[in-house]
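The chain contents come next:
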Amino acid sequence: MKKMNIYLMIISAVLSFGACSKNDTKTTPPTPTEDTVKSKFQTLNYLYSISGKKTLSGIHNREPNATPARWTNEIFNTTGKYPALWSGDFLFQQDNINNRQLMINEALKQYKQGAIVNIMWHACNPAYTQPCGWDDGKGVLSGLSDQQWTELLTPGTALHTKWQSQVDEVCSYLQQLKDAKVEVLWRPYHEMNQGKFWWGGRPGANGTRKLYQMLHDYMTNTKGLTNLIWVWDIQDFGSLSGDANDYNPGANYFDIAALDVYDGSGYTQTKYEIMVRAAKGKPIAIGECQKLPTPTELKNQPSWTFFMSWSELTYDHNTHGEINQLYSADNVINLDKMPTWK
């Protein structure tokens, strides 16, 4: 216990130092509790250790799953540095479903190299068929009636059983990573407050957060996937302050709180403080972005533990000079400075 108290004092000091940076005097991140600081996950403990001090670089590798490191390699070609965080997606089209194993193989490779592994899932609407399209009305961008939503959340119904079957498919791949002792930042049903996705835009206790909780319980308790670090993710809409409460699944259901930054106003202090408050001492992160944060913005908002820019949007919204400046900043950690995972 004495050792833990010393550790807590160190973490608290790091967080306090970051919170006193210029333009960041309004909100001091809560001191992590003993339970949250000493996690069973070495990668999560590492995020706690850098919170308030440094930020990990990261990029998503969007489809095709046939080339699951394309954008990671593009960053290396631009900067001479690999990102500290690699991200992949189970996806929804037939060719990408067929190549899920390649994506999982890359996740294992990246983890062995010291990267943090982040995986998400643009899932097909279980009311229709899999594989599916993007926005044809029956794909990822589709909807469920209130009656269908209730059926989805009710065990034993046809829709719930179909949903469970889809989940079982991705669990088989995540089980491979568990068997290989790979810890995964698992980011399902991202942008919960985004109503264009079939899973999103339903606030309240029986809304999207209920689906997220159901997935968490099934994957953790029934499937035994204890290698997952749960990332709760919302987008920076004007309703963010309320959404951070209405879509919050509860402290027992997430390990990291992430914000997707797309609304054009950038990395405002208000957004940052909303996420700090919602996380209640847990790590926060920039789950997705198109415009990268600057090194100065990260110094002023030091509790962002990682940023993950979106594949090609990284190059659509940032110059090569801006990308290089960020990846060379002294408060940004790239793969070459990452610890080796046991």
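In case you missed it, the structure is sitting above this.
None of these values were measured; they are calculated from a predicted model.

Let's hear about the state of the cysteines: which residues, and what values?
What makes a disulfide is a covalent bond joining the sulfur atoms belonging to two cysteines. Taken as a whole and judged by the stated rule, the model has one disulfide. In this model cysteine 124 forms its disulfide with cysteine 132; the gap between the sulfur atoms is 2.2 Å. Looking down the S-S bond of the cysteine 124 and cysteine 132 bridge, the torsion is -95 degrees, so its handedness is left-handed. Here cysteine 124 matches cysteine 132 in class, with each residue buried.

Let's hear about the packing of aromatic side chains: which residues, and what values?
On inspection of all chains with the given rule, the structure shows 17 aromatic pairs. Both rings, one in tryptophan 134 and one in phenylalanine 197, keep their centres 6.2 Å apart while their planes meet at 75 degrees; by these two values the pair is edge-to-face. In this pair, tryptophan 134 sits in the loop between β4 (116–120) and α7 (146–152) while phenylalanine 197 sits in the loop between β5 (184–187) and α9 (208–222), placing the two residues 63 residues apart along the sequence. Taking 4.6 Å as the distance between ring centres and 15 degrees as the angle between the ring planes, the aromatic pair formed by phenylalanine 197 and tryptophan 199 counts as stacked. Taking the relative accessible area as the measure of exposure, phenylalanine 197 reaches 6% and is therefore buried.

Can you tell me about the pattern of salt bridges, naming the residues and giving the values?
Evaluated as defined, the whole model comprises twelve salt bridges. Between glutamate 312 and arginine 62 there is a salt bridge whose closest N-O contact spans 3.2 Å. Here glutamate 312, found in the loop between β9 (304–309) and α13 (313–316), pairs with arginine 62, found in the loop between β2 (58–60) and α4 (70–79); they are 250 residues apart in sequence, far enough to count as distant. Between aspartate 233 and arginine 187 there is a salt bridge whose closest N-O contact spans 3.3 Å. Of the two residues, aspartate 233 sits in strand β6 (residues 228–235) while arginine 187 sits in strand β5, which places them 46 residues apart along the sequence. Across the pair, arginine 187 and aspartate 233 agree in class, each one buried. One salt-bridge network, held together by shared partners, links Arg187, Asp233, Asp260 and Glu288.

Rules of the game
In this convention, every chain numbers its residues from 1, walking through the sequence in written order. pLDDT decides what is reported in this predicted model: residues at 70 or higher carry local features, side-chain atom pairs at 80 or more are listed and counted, and totals for whole chains, interfaces and linings draw on all residues regardless. Each side-chain value is derived from all of the structure's non-hydrogen atoms; neither hydrogens nor water enter the calculation. Defined by distance alone, a disulfide is two cysteine sulfur atoms within 2.5 Å. To sort residues, take the accessible area from a 1.4 Å probe on protein chains only and compare it with the maximum for the residue type: under 20% means buried, over 50% means exposed, and anything in between is partly exposed. Think of it this way: a Phe, Tyr or Trp ring, Trp meaning its six-membered ring, pairs with another when their centres are within 6.5 Å, and the plane angle makes it stacked under 30 degrees, edge-to-face over 60, tilted otherwise. Secondary structure elements follow DSSP: runs of H or I of four or more residues count as helices, runs of E of two or more count as strands, with numbering from the N terminus. By definition, a salt bridge exists where a carboxyl oxygen of Asp or Glu is found within 4 Å of a side-chain nitrogen of Lys or Arg.

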